[in-house]
Amino acid sequence: MTDVLSDLLQHSLRIVLCGTAAGTTSAAERAYYAHRQNKFWKILYETRLTPEPLQPHQYRDLLQHRIGLTDLVKAGVGMDRATLPK
């Protein structure tokens, strides 16, 4: 199986944020935290981790702010209860 979303990692990051697995909207859009009700991007801006609000399709721009992204379950899609082993 291939990864649903590729890791967004490089050397010298300030922070790496790790989710559980890509949601169905994120998998379809091929972008982290893509569901319109997800507050991830708003929180990054409000906590001053990014100087401007970003949209999910701009997730690669996080590297400019030394922020990385990954998921625990790389090949699964859906809510946590559906992707984590029992």
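A quick note: this is a predicted structure, and the numbers were derived from the prediction, not measured.

1. Digging into the pairing of strand 2 (residues 67-77)
Argument step 1. Buried residues dominate strand 2, accounting for eight of its eleven residues.
Argument step 2. Sheet analysis places strand 1 (residues 15-22) next to strand 2, joined by seven bridges and oriented parallel. Note that in strand 2 the partner of alanine 21 across the bridge is valine 73.

2. Some words on the nonpolar core
Argument step 1. Core analysis: the biggest nonpolar cluster contains 18 residues, and Phe40, Trp41, Tyr59, Leu62 and Leu69 have the highest contact counts within it.
Argument step 2. Mapped onto this core, the elements with two or more residues apiece are strand 1, helix 2 (40-46) and strand 2.
Argument step 3. Broken down by element, the residue count for this core peaks at three residues, all from helix 2.

3. Details of unusual backbone geometry
Argument step 1. Non-glycine residue serine 12 carries a positive phi angle of around 65 degrees.
Argument step 2. Tracing the chain through its elements places serine 12 in the segment before strand 1.
Argument step 3. Classification of serine 12 as exposed rests on a relative accessible area of 58%.
Argument step 4. Phi is positive for tyrosine 33, which is not a glycine, with a value near 50 degrees.
Argument step 5. The residue tyrosine 33 is located in the loop between helix 1 (24-29) and helix 2 in this model.

Rules used throughout
Residues numbered from 1 in each chain as written. Predicted model: local features only at pLDDT ≥ 70, side-chain atom pairs only at ≥ 80, totals over all residues. Heavy atoms only, no water. Buried < 20%, exposed > 50% of the residue type's maximum accessible area, 1.4 Å probe, protein only. Helix = DSSP H or I, 4+ residues; strand = E, 2+ residues; numbered from the N terminus. Pairing = 2+ DSSP bridges. Core = buried A, V, L, I, M, F, W, Y, C linked by side-chain atoms within 4.5 Å.

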